[in-house]
Amino acid sequence: MNKLKSIVVGVDLSKCSRCALQQAARMAQWHHARLHVIHAVEHLVISDLADAMGLTPAQIETATVRETKQRLGAWLPENLRPEELNFDVEVGPPIDVLLRKVRAVDADLLVLGLHGDSTRLPSGAGTLATK
């Protein structure tokens, strides 16, 4: 059996991505692998918020990253703690953010939830999970 050394899990703080994180954490534990959790924020969200709030995109990006990391603690499953995870929040197209992270940590596996907050499809996989 091939041993996994590094696992990346993409999360959007939805119920489905929490399930994906739980599965990734189990696999990481079984293989004694490093678990990297990544959340992507679209550039458009940052620029729209900056325009609406009269702040610079850099200010919004800093606040968004900080607040998302804080929300993680309340969102995590009970058996996981933020200090046990390599959690990053990056701004950019989600597929680009995920692939950059996979390459940066030389991941053996990428785990994604089937549905997230950004996909309201009644059935089938979301756009990122099928790419």
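In case you missed it, the structure is sitting above this.
Rules of the game
- Residues numbered from 1 in each chain as written.
- Predicted model: local features only at pLDDT ≥ 70, side-chain atom pairs only at ≥ 80, totals over all residues.
- Heavy atoms only, no water.
- Buried < 20%, exposed > 50% of the residue type's maximum accessible area, 1.4 Å probe, protein only.
- Helix = DSSP H or I, 4+ residues; strand = E, 2+ residues; numbered from the N terminus.
- Pairing = 2+ DSSP bridges.
- Right-handed = clockwise from strand over helix to strand, strands pointing away.
- Polar contact = N/O pair within 3.5 Å; in protein donor to acceptor, adjacent residues only side chain to side chain.
- Axes fitted to C-alpha atoms, helices over the stretch in contact; angles between N-to-C directions.

**As for the pairing of strand E1 (residues 6-10)**
1) Next: For E1, the buried fraction is high: five of the five residues fall into the buried class.
2) Next: As paired strands, E1 and strand E2 (residues 34-41) are joined by five bridges and run parallel to one another. For valine 9, the partnering residue across the bridge sits in E2 and is valine 37.
3) Next: Running through helix H1 (residues 15-31), the crossover from E1 to the neighbouring parallel element E2 is right-handed.

**Here's the deal with unusual backbone geometry**
Leaving glycine out, the prevailing phi sign among residues is negative, and the prevailing peptide bond configuration is trans.
1) Next: A positive phi is found at histidine 32, a non-glycine position, where the angle reads about 55°.
2) Next: Examined against the element boundaries, histidine 32 turns out to sit in the loop between H1 and E2.
3) Next: In this model, aspartate 106 sits at a positive phi of 50°, which is unusual for a non-glycine residue.
4) Next: With respect to the helices, strands and loops of the structure, aspartate 106 is situated in the loop between helix H4 (94-104) and strand E4 (109-112).
5) Next: Residue classification places aspartate 106 among the exposed positions, given a relative accessible area of 61%.

**Let's talk about the side chain of serine 6**
1) Next: Locating serine 6 in the fold gives a position in strand E1.
2) Next: Engagement of the side chain of serine 6 in a polar contact is seen with the backbone oxygen of valine 105, the distance being 3.4 Å.

**As for the sheet that holds E4**
1) Next: Overall, parallel pairing links the four strands, which are arranged E3-E2-E1-E4 in an open sheet. Each edge of the sheet is formed by a strand with only one pairing partner; in this case those strands are strand E3 (86-91) and E4. Taking the axes of each pair of neighbouring strands and ignoring which way they run, one obtains an average angle of 25° across the sheet.

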